[in-house]
Amino acid sequence: MNQENFLEPSANPHLQDCPGLRAMIIGVGGAGTSLVDGLRFDNFDYVENLVIDVDVRSLADSLAAEKLTFGRRHTRGMGTGGDVKLARRAIEEEKDKLREKLDGVDLVFLLAGLGGGTGGGVASVVARLARERGALVFAFAPMPFSWEKSRHAQAEECLEDLRKHANAVIPLPNDSLLQIGGPDATALECFAEAGRNVSRGISAICNLIYRKGMIDVDFVHLRKAFGGRAGRTLFGYGKGAGKDGLREAMRELLVCPMLHLPDVSKAADILLIFINGGPNLGMSALQSASQEIREAFKAGEQVVFGAHVDENMGDEVRIIVLGATDLGTASPMADVAPPAQEVFHATSKPKETHPSRLSINQKEAKKMVSKRGSKKKTSESLEQNTFSFMEDQNQRGIFDNLPSRNMYEGEDLDVPTYLRRGVQINL
Amino acid sequence: MSKIIGAVEIGTSKAKALVGEVSEGKPLSIVGMATRPNEGMRKGEIIDFNKVGTSVHTALAEAEKMSGTTVDSIYLAQTGSHLSGSVLRASANVSSSDGRVSASDLQRAADEAKRRKPENGRSYVHYVRMPILLDGRPVEDPVGMIGKKVEIVYWAIEGNDSAIRANLDVANSYGLEVDDLILSSIASSTLVAGPDLKRAGVLVIDMGAGVTDLAIYRSGHVAYTGVIPVGGDHVSGDLAMGLRVFEPYAEKLKLTYGLAQHDSSAQDEKVWITNEKTIGDRAVSRKAISSIIHVRVVELFEIIAKELGDFLNPEELGAGVVLTGGASRLPGIEQVASMVLGVPARKATFPSEIGKDLAQPENATVLGLLHYALEDNRLPGQPKSNENSGILSKIGGLLGI
């Protein structure tokens, strides 16, 4: 199927002048570049990729299709040595080159290790420029270990900065790597797992937009939900197999280590739920799963739900959630992007306005929409005995509401020690 | 004639009120005590004034009801990471012609020492007397001794005006006067470390829910106090995150199965989180619970060791380390403390006159408040009426008097 069929051109003036929705994965700095390279094997054929670095040698080794070097004048083609200011100065001088690359891109996945000079310094600039050009920016940001004290502090600052510019930032703390891997995981496997997390996030969003599914979401919906938003995010996944696959996946999602990190929001004002499963995925099971997820994350009206059937998955089920919250208290968003609302109004009607997208199972989708509507009305009276025991509890971490951090020699004492010291906990 | 005195500790997890009766020639008797959960605090500092007020007031009302009397004024414990201690010293020349030290010489030195004011926005809350020096020699009571110069040294604890004020307001809004503010660690030490331990040298660690208070004593006098903003809540928080359960369940798991150190000889077993066999329940390994707790507790003692620096000298701590406070209930915590601090540690024991139901580690501070208040903390040779260490002299400025 051609990408052009995916969107109704007349409905969206912003996308009209480009042949299709353009998504781009941008890796910044050493860590970002290697993440992009890792993603090459994950079949994101329809997504462009670009790597940006000052280090010419590391760029030369990269598999990415497009490469951009900058700062030759400052570093003579070598790295920044962790100097954020140097990287920022260098990129500011060559902004135009970057703008050119970002022209016409609608969706940017920004991958940048914030502990490095280039990643930390340039990521927020790239995010800003991309949003200026009208793109929606999702950033995945590996954070250095807590014991790398000065680097960690620098990364925290860069994270703050990046949050001001990107639509959603998902920090991937290295501290959590030990909790993610299995009991005997090697360092390499742990880092590979971190890469897989990025891949999961990107594929969830891309699948929502590009692939035809049972319950579809398009870019405009995504844009409405995440456009102009910043603040804390959450990102989690779960998978299950067998007869009770969906239930198992739900259970795994709720204990996903990525959801149990400091700085990760426990509730979401905007929530993106993506469920991927084999042909046996039951409709009512999907309904109740989405309802449970919404309640588990205290999601409001802003829920983007997508479900796709993949024949190759058999009885396997995967759930990915991505959410954002704290919008009220978040640092003010740099107001550079065209207002998402305007774009949205043109197509704010439900799915029916996209007949070309759903030509095959349009009827099913319509049925789905009406079902979703009725579900909403009755949702309050619905008995949720399974996970309801979590409802009354305080969903936020106990030290979440404190304004100041509990710093001692560069470490935040409110963050669990086992995370900072890299002690693996096997449940 | 008997006198009723009250003590209040506004702790991070619980507010405690105590009513005591002292009569001539008899030891203190506790006639009322109540504890109420407190949800308005984090790490020893008030975040929700109304919640704190309610729990303090209900605790006080209940303690009063139990005692059948009313309390007019209380001693209030102070803690929180905003507190910091420093040494204040001042000297006075012996004024009398025969060279004998008089009480007024001491008073002059003391006034001089207390004249110093901390920087703006901070006030002294508690002066703890350190040794008196007569011509450079430490003496217990110099009055009547011959010398040229007496020097008085205080360990002065200062804190943020707004935090202290919030504490006072809680008491005042119940119509109570505050007799004095007393540092929590000093109060606890009064109870769990007697004069003999203090002479031998002792480190008292009071592990609360929100903060850990410490006080070190050498040759009978306080040498250092500190507050570390890590407590039992952090252990529960770590468990909640590490086991991926909600806070109340983490707290329950900590109390039921928590160990400061995993027993490597024991077989690892799984325990249920809610134990209600509901659909969302899971089993977690006890080893996971104890490993999460262990690293946190080890880190806490490492921070204590760093904070104490040279004060942590086994030769000067003859009586070792005494652990008290609710978080010290954690089984095996004394072994971890001994290992990290390099000084033998044990859990606190209470004086025998304190009833069994009161002699609990989490009551050390509030019981200690009353004992400290009754102790003679006056300067040698000072008449009782002349005692000038009341709250007004300390924070009169803060109250606008």
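Each value, and the rule that gives it
- Residues numbered from 1 in each chain as written.
- Chains lettered and ligands numbered in written order.
- Predicted model: local features only at pLDDT ≥ 70, side-chain atom pairs only at ≥ 80, totals over all residues.
- Heavy atoms only, no water.
- Helix = DSSP H or I, 4+ residues; strand = E, 2+ residues; numbered from the N terminus.
- Buried < 20%, exposed > 50% of the residue type's maximum accessible area, 1.4 Å probe, protein only.
- Core = buried A, V, L, I, M, F, W, Y, C linked by side-chain atoms within 4.5 Å.
- Domains from an automatic or database assignment.
- Contact = heavy atoms within 4.5 Å.
- Pairing = 2+ DSSP bridges.
- Axes fitted to C-alpha atoms, helices over the stretch in contact; angles between N-to-C directions.
- Buried area = accessible area lost by both parts, 1.4 Å probe.
- Salt bridge = Lys/Arg side-chain N within 4 Å of Asp/Glu carboxyl O.
- Nonpolar A, V, L, I, M, F, W, Y, C, P; charged D, E, K, R; others polar.

K.L.:
Go over the overall build of chain B, please, and point to the residues and values.
P.N.:
Each helix and strand counted, chain B has eleven helices and 18 strands in total. Going through the 401 residues of chain B one by one, you find that 55% of them count as buried.

K.L.:
Lay out the nonpolar core with the relevant residues and their values.
P.N.:
Counting 187 residues, the largest nonpolar core has Phe-226 of chain A together with Phe-301 of chain B as the members making the most contacts within it. Looking at this core, the element that brings in the most residues is helix α8 (residues 286-308) of chain B, giving twelve residues. When we break this core down by domain, the ones giving at least three residues each are domain 1 (84-159) and domain 2 (194-347) of chain B. With residues up to four places along the chain from it excluded, the contact list for Phe-301 of chain B reads Ile-205, Met-207, Leu-323, Ile-333, Val-336, Ala-337, Val-340 and Leu-341 of chain B. Counting residues in hydrophobic clusters, the runner-up holds 37 residues, among them Val-84, Leu-102, Ala-123 and Ala-127 of chain A.

K.L.:
Can you break down the sheet that holds strand β10 (residues 149-160) of chain B residue by residue, with the values?
P.N.:
Residue and element names in this part refer to chain B. Spatial strand order, β7-β10-β8-β9: four strands in an open sheet with antiparallel pairing. Every other strand in the sheet has two partners, leaving β7 (84-93) and β9 (137-139) as the edge strands with one partner each. The mean angle between the axes of side-by-side strands here comes to 40°, regardless of whether they run parallel or antiparallel. With three bridges connecting them, strand β8 (residues 122-134) and β9 associate as antiparallel partners.

K.L.:
Tell me about the interface of chain A and chain B, and name the residues and values.
P.N.:
Facing 35 residues of chain A, the contacting portion of chain B comprises 35 residues. Regarding the contact of chain A and chain B, the summed buried area is about 3,200 Å², with carbon and sulfur atoms giving 64% of it. Where chain A meets chain B, there are three salt bridges. A salt bridge links Glu-299 of chain B to Arg-421 of chain A, with the nearest nitrogen and oxygen atoms 3.2 Å apart. Residue contributions to the side of chain A that touches chain B peak at four residues, all from helix α16 (residues 417-420) of chain A. Here the residues of the side of chain A that touches chain B are counted per class, giving 19 nonpolar, ten polar and six charged.

K.L.:
Tell me about the environment of Pro-416 of chain A, residues and numbers included.
P.N.:
Checked against the element boundaries, Pro-416 of chain A lands in the loop between β12 (411-412) and α16. Between the alpha carbons of Pro-416 of chain A and Pro-262 of chain A there is a distance of 8.1 Å; along the sequence they are 154 residues apart. Those residues within four positions of Pro-416 of chain A in sequence are excluded, and the remaining contacts are Pro-262 of chain A together with Asp-238, Met-241 and Arg-296 of chain B.

K.L.:
Tell me about the sheet that holds strand β17 (residues 321-324) of chain B, residues and numbers included.
P.N.:
Residue and element names in this part refer to chain B. With respect to topology, five strands assemble into an open sheet ordered β14-β13-β12-β17-β18, the strand pairing being mixed. Both edges of this open sheet fall to β14 (221-228) and β18 (345-347), since each of them pairs with a single strand only. Between one strand axis and the next, the sheet turns by 20° as a mean value, whatever way the strands run. Here strand β12 (residues 202-207) runs beside strand β13 (residues 212-218); their pairing, made up of six bridges, is antiparallel. Each residue of the ladder has a partner; that of Val-202, found in β13, is Tyr-217. Its contacts with the sheet put helix α4 (residues 184-192) on β12, β13, β14 and β17, and the angle it makes with β13 is roughly 60°. Each of β12, β17 and β18 is contacted by helix α9 (residues 333-341), which is oriented at about 160° to β18, the strand it contacts most.

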